[in-house]
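# Close look at the chain arrangement
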Amino acid sequence: MATDAINRRAKRLREAIEYHNYRYYVLDDPEISDAEYDRMMRELEKLEADYPELYDPNSPTQRIGAPPLEEFEAVTHTIPMLSLANGQNEIEVREFDQRVKRFLGMDGDITYVTELKLDGLAVELVYERGDLVVGSTRGDGVNGENIIQNLRTIKTIPLTLIGKEIPVPERLEVRGEVYMEVEGFKELNKKREALGERLFANPRNAAAGSLRQLDPSITAGRPLNIFFYGLGEVVGHTFTMHWQFLNTLPHWGLRANPLARQCQDIDEAIGYYNEISQQRESLPYEIDGVVIKVDDLDLQSRLGVISRNPRWALAYKFKPKQETTKILKIIPQVGRTGAITPVAELEPVRVGGIEISRATLHNQDEIDKKDVRIGDTVIVQRAGDVIPEVVKMVESKRTGGERRYQIPDRCPVCGADVVRLENEAAHRCIGLSCPAQLKGRIKHFASKRAMDIDGLGDKLVAQLVDNGMVRDVAGLYHLSKEDLAGLERMADKSAQNILDAIERSKKKPLAKFIYALGVRHVGGHLSEVLANELKSLSNLSRVTEEELVAIKEVGPEVAQSVVRFFRDQQNRKIIERLQKAGLAVIEPGVDEVAKLKGLTFVFTGTLEFFSRDEARDLVESLEGKTASGVSKKVDYVVVGSDPGSKYERAKELGITVLTENQFREMVE
Ligand code: IVH
């Protein structure tokens with residue numbers, strides 16, 4: 001049992017860590033070294049491990065690590081979370097000011113607080129006696145979802161409020177915007193692109209997608225941040241002005257945006273808008289306007305709410321970054337995953353200060369829905385910091401000479417079939433050798449869960465493809481040492497290591513090979529299923545959709561994708577080339593006896609389960625070979641306890657090392 005002293009120590013540590021966290025992440029002004037911070041964290045972790053009764057979900061050790069949820073719990077906001085009425089121009093803003101005065105029956109100027117209108121997601125946090133107890137989305141304004149475990153992963157959200165200078169209220173409901181900085185957003189998309197994952201359209205979507213994760217460990221990896229700007233219910237503290245509220249937030253450790261301003265009248269508020277418009281592009285995050293709020297909270301409550309919008313606030317929106325121009329051409333662009341995006345080539349036009357000459361049309365459905373044709377006059381916009389898009393065509397400018405567009409059924413880059421799978425918006429090129437997809441495909445082919453070709457990193461793949469040395473995955477098996485050694489920054493030894501790794505990859509289980517092919521919708525697990533059910537590559541290449549859907553776990557989308565993949569002539573050729581290059585996948589069960597055919601094993605150390613002789617006999621009975629010394633010809637070194645120099649040698653040569661259990665799994 002934790003003694004009082006231990007309880008106090010844990011409490012002290014938590015408070016101190018939370019405070020230093022705030023200094024570091026919110027103020028960007030740490031008072032202690034990272035090492036000192038880490039030391040406190042480790043001490044707390046140890047205490048909590050030794051005394052499980054100290055568990056507290058708001059301990060700084062618990063930010064990450066909550067288990068995934070099945071679904072989010074519903075939360076009813078004590079006070080509804082409203083939305084804002086919009087003003088599009090100065091006239092509408094002055095009308096707002098007039099309305100406020102008329103409603104209040106006041107002649108004099110109204111004091112306003114002006115803030116950035118952040119483009120993220122509204123959330124509400126509830127603190128009871130300083131402890132974070134609920135964190136929810138806005139939802140429909142009345143009911144939201146409790147996403148507290150995701151919000152806890154955001155380092156600038158205090159798990160407990162700081163009460164050093166201003167005592168924390170009994171209860172505080174505080175609202176803010178979760179957002180992603182533009183840089184972080186770009187990085188995230190870059191990573192997703194490399195993994196062949198769907199890209200986020202803009203930072204707002206990325207932030208939203210990140211918060212909606214049922215598994216908080218995913219949210220934890222996303223660069224999210226928060227600014228607080230609003231109040232729900234407060235018990236045990238009185239505010240009279242919104243400005244006072246904003247200035248109190250940092251004392252409790254809550255981040256408020258430093259660009260907010262108190263304005264004496266509406267002219268000053270309009271001046272603020274003009275200033276911020278100038279700064280907009282240089283801010284690290286996206287905003288879509290400014291918010292003008294009546295400062296006095298008494299006046300706010302007198303003004304009240306009308307149709308879900310408070311009468312005391314207005315969103316003064318920036319003009320959408322839209323312009324009108326003409327579509328000269330539509331070109332199909334093949335992305336790294338084979339998705340084909342129709343891109344409009346435009347008569348160049350300046351939108352929001354930047355000249356654009358291309359805009360995305362997303363996919364065929366969008367083209368059809370918007371009825372956009374070549375030669376059309378269209379409205380284009382820059383949505384945040386991403387690729388410009390075509391919003392709509394201008395019907396009144398139609399001349400009759402416009403031409404409809406249809407994504408071609410052959411890939412414009414490689415000529416392979418273009419298909420559109422069920423339930424997908426995108427058309428895709430399914431060519432295995434498509435240069436547009438090649439780097440991604442090769443990386444996937446060589447990845448650990450696929451053919452596991454060690455050393456084939458991003459840079460090397462880029463070099464091989466850009467120099468035309470590898471035109472499809474089969475090309476890897478035709479590389480020579482001279483080819484590789486000729487590359488920039490490639491030592492002889494690394495060239496040899498890579499060749500060895502490529503050589504070793506020739507014998508991989510069928511499932512890994514299927515996965516390596518990167519057939520759409522066929523991931524690691526389904527590859528296993530297909531391998532076990534179909535047993536051989538030749539069966540797989542002849543299988544029909546009916547046969548596939550008869551397999552448990554295989555749905556019509558997968559079936560269609562598999563059949564189309566293996567029907568494509570180019571893909572068939574590449575598989576043939578792979579086989580000619582010596583690729584001999586190990587097919588499950590077809591020939592049980594020859595399971596280890598072509599593989600050479602070395603044993604070292606003391607085995608527990610088998611004697612050396614038994615192990616050797618077993619390998620030979622499955623048509624494998626054994627050797628006494630480790631050389632490059634060896635495929636696996638099986639290591640028992642107290643292994644000798646053979647183990648070291650295997651590691652040096654990069655030969656796959658198996659434990660005795662792994663070996664048993666392999667032969668059983
Ligand atoms: S005040 C009743 N302040 O805009 C007041 N909202 O259209 C409602 N937003 O859902 C919120 N920055 O997601 C307020 N400084 C700011 C804001 C802001 C962004 C968002 C928020 C809200 C939406 C209202």
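First, a word on what this report is: a plain description of the structure on this page. Numbering of residues begins from 1 in every chain and follows the order in which that chain's sequence is written. Two thresholds apply to this predicted model, a pLDDT of at least 70 for residue-level local features and 80 or more for giving and counting side-chain atom pairs, whereas whole-chain, interface and lining totals are computed over all residues. Side-chain numbers here rest on the full set of heavy atoms in the structure, without hydrogens or water.

## So, the side chain of Glu124
Basically, it comes down to this: Segments assigned H or I by DSSP are reported as helices when at least four residues long, segments assigned E as strands when at least two residues long, and all are numbered from the N terminus. In the analysis that follows, any N or O atom pair within 3.5 Å is treated as a polar contact, provided that within protein one partner can donate a hydrogen and the other can accept it, and provided that, for residues neighboring in sequence, both atoms belong to side chains. Two residues form a contact once any of their heavy atoms are found within 4.5 Å.
In this structure, Glu124 sits in strand S4 (residues 121-128). Polar side-chain contacts of Glu124 include one of 3.1 Å to the side chain of His77. At 2.7 Å, the side chain of Glu124 and the side chain of Arg175 are in polar contact. Non-local contacts of Glu124, meaning those with residues more than four positions away in its chain, are made with His77, Met81, Val134, Gly135, Ser136, Glu173, Val174, Arg175 and Gly232.

## Describing helix H17 (residues 524-534)
Keep this limit in mind: Exposure categories follow from relative accessible area, calculated using a 1.4 Å probe and restricted to protein chains: below 20% of the type maximum is buried, above 50% is exposed, and the middle band is partly exposed.
All of the buried residues in H17 are Gly524, Leu526, Ser527, Val529, Leu530, Ala531 and Leu534. Looking at the buried positions of H17, the neighbouring elements they touch are helix H16 (510-517), helix H18 (537-542), helix H19 (545-549) and helix H20 (556-567). Lys535 occupies a position one or two residues after H17 and carries a positive phi of about 70°.

## Things to note about the sheet that holds strand S2 (residues 86-87)
Note the following rule: Whether two strands pair depends on DSSP finding at least two bridges between them.
The strand order across the open sheet formed by 5 strands is S2-S13-S10-S3-S9, and the pairing between neighbours is mixed. Two strands bound the open sheet, and with one partner strand each, they are S2 and strand S9 (261-263). Of the strand pairs in this sheet, strand S3 (residues 112-118) and S9 are connected by 3 bridges, and their pairing is antiparallel. Residue pairing for S9: Tyr112 is matched across the bridge by Cys263.

## Structural notes on the nonpolar core
Nonpolar side chains in soluble globular proteins tend to be buried together. Inclusion rule: Grouping buried Ala, Val, Leu, Ile, Met, Phe, Trp, Tyr and Cys residues that are joined through side-chain atoms within 4.5 Å yields what is termed a nonpolar core.
Judged by nonpolar contacts, the single largest core of 59 residues is most densely connected at Phe445, Ile453, Leu456, Leu476, Tyr477, Leu548 and Val562. When contributions to this core are tallied by element, the ones reaching two or more residues are helix H12 (435-446), helix H13 (458-466), helix H15 (492-504), H16, H17, H18, H20 and helix H21 (569-580). Among the elements that take part in this core, H16 stands out by supplying 7 residues, more than any other. The residues touching Leu456, leaving out its near neighbours within four places in the chain, are Ile442, Ala446, Val461, Leu464, Leu476 and Ile498. Residues Leu159, Val174, Ala207 and Leu254 belong to the second largest nonpolar core, which totals 35 residues.

## Some points on the site of the ligand
Condition: For each residue, the test is whether any non-hydrogen atom lies within 4 Å of the molecule or strand; if one does, the residue is near. Accessible areas in this description were obtained via Shrake-Rupley with a 1.4 Å probe; residue shielding takes into account the shown protein chains only.
Contacts to the ligand come from 15 residues, most closely from Glu115, Leu116, Leu118, Glu177 and Lys293. At 2.8 Å, a side-chain N or O of Glu115 approaches a nitrogen atom of the ligand. Protein chains shield 86% of the accessible area of the ligand, which is 510 Å² for the free molecule. Put simply, the parts of the chain that give the shell around the ligand at least two residues each are S3 and strand S10 (287-294). In terms of residue count, S3 provides more of the shell around the ligand than any other element does, 4 residues in total.

## A closer look at the packing of aromatic side chains
Selection criterion: When the centres of two rings from Phe, Tyr and Trp lie within 6.5 Å, Trp using its six-membered ring, the rings pair. Their planes under 30 degrees apart give stacked, over 60 give edge-to-face, and anything left gives tilted.
Scanning the entire structure with this criterion turns up 14 aromatic pairs. Summarising the aromatic geometry, the rings of Tyr24 and Tyr25 are spaced 4.8 Å apart at their centres and angled 75° between planes, so their arrangement reads as edge-to-face. Judged by its relative accessible area of 38%, Tyr24 is partly exposed. Residue Tyr25 is classed as partly exposed on the basis of its relative accessible area of 33%. Aromatic side chains Phe96 and Tyr112 sit 5.9 Å apart centroid to centroid with 40° between the ring planes, which places their arrangement in the tilted category. Taken as a pair, Phe96 in helix H3 (residues 90-104) and Tyr112 in strand S3 lie far apart in primary sequence, 16 residues in all.

## Section: a negative patch on the surface
Which entries qualify depends on this criterion: A patch is a set of surface residues, each over 30% in relative accessible area and not in a salt bridge, joined within 9 Å for like charges and within 5 Å for the nonpolar side chains Val, Leu, Ile, Met, Phe, Trp and Tyr. What makes a salt bridge here is a side-chain nitrogen of Lys or Arg within 4 Å of a carboxyl oxygen of Asp or Glu, nothing more. Residues scored as charged are limited to Lys and Arg (positive) and Asp and Glu (negative), so that His and the chain ends carry no count. All charge positions are set by atom: Lys at NZ, Arg at CZ, Asp at CG, Glu at CD.
Negative charge collects at one region of the surface, where Glu422, Glu545, Glu546 and Glu547 lie side by side. Tracing the backbone through its elements, the reader meets Glu547 in helix H19.

## Section: the state of the cysteines
To be explicit about the condition: A pair of sulfur atoms, both from cysteines and within 2.5 Å, is called a disulfide here.
Counted under the stated rule, the structure contains 0 disulfides. As a non-bridged cysteine, Cys429 has Cys411 as the owner of its nearest cysteine sulfur, 3.6 Å distant.

## Looking at the sheet that holds strand S24 (residues 656-659)
The condition is simple: Lines fitted to C-alpha atoms define the axes here, with helix axes fitted over just the stretch in contact, and angles between the N-to-C directions of these axes take values from 0 to 180 degrees.
Within the open sheet, the 4 strands sit side by side as S22-S21-S23-S24. Their pairing is parallel. Each end of this open sheet is capped by a strand with a single partner; those strands are strand S22 (625-626) and S24. For strand S21 (residues 600-604) and strand S23 (residues 636-639), the ladder comprises 4 bridges, and the chain directions are parallel. Each residue of the ladder has a partner; that of Thr604, found in S23, is Val639. This element, helix H22 (residues 612-621), spans S21 and S22 of the sheet and lies at about 170° to S21. Set on the sheet, helix H24 (residues 660-667) makes contact with S21, S23 and S24; between it and S24 the angle comes to about 95°.

## So, the side chain of Glu173
On the secondary structure map, Glu173 appears in strand S7 (residues 171-180). We classify Glu173 as buried; its relative accessible area is 0%. Of note is the side chain of Glu173, whose polar atom sits 2.3 Å from the side chain of Thr78. Setting aside anything within four residues of it in sequence, one finds Glu173 in contact with Thr78, Ile79, Glu124, Leu125, Val126, Gly230, Leu231, Gly232 and Glu233.

## Things to note about the pairing of strand S14 (residues 322-334)
By the bridge criterion, 5 bridges tie S14 to strand S17 (residues 377-381) in an arrangement that is antiparallel. From the neighbouring strand, Thr324 faces S17, where its bridge partner is Ile379. Connecting S14 to the next strand, strand S15 (residues 339-351), in antiparallel fashion are 4 residues, including Gly338 with a positive phi near 90°.

## Quick notes on the pattern of salt bridges
The final tally for this structure, using the stated rule, is 43 salt bridges. A salt bridge links Arg171 to Glu128; the shortest N-O distance between them is 2.8 Å. Of the two residues, Arg171 is situated in strand S7 and Glu128 in strand S4; the sequence distance between them amounts to 43 residues. Here Glu128 falls in the partly exposed class, since its relative accessible area comes to 31%.

## Considerations on the packing of helix H1 (residues 4-26) against helix H2 (residues 34-50)
To keep it simple, the criterion reads: Handedness of a crossing is defined here by the sense of rotation of the near helix relative to the far one, left-handed for an anticlockwise turn of less than a right angle and right-handed for a clockwise turn.
Look at H1 against H2: their axes get within 10 Å of each other, and the N-to-C directions meet at 145°. Considering only the axes of H1 and H2, their crossing is left-handed. The segment H1 lies against H2, with Ile6, Arg9, Ala10, Leu13, Arg14, Ala16, Ile17, His20, Asn21 and Tyr24 engaging Asp34, Tyr37, Met40, Met41, Glu43, Leu44, Leu47 and Glu48.

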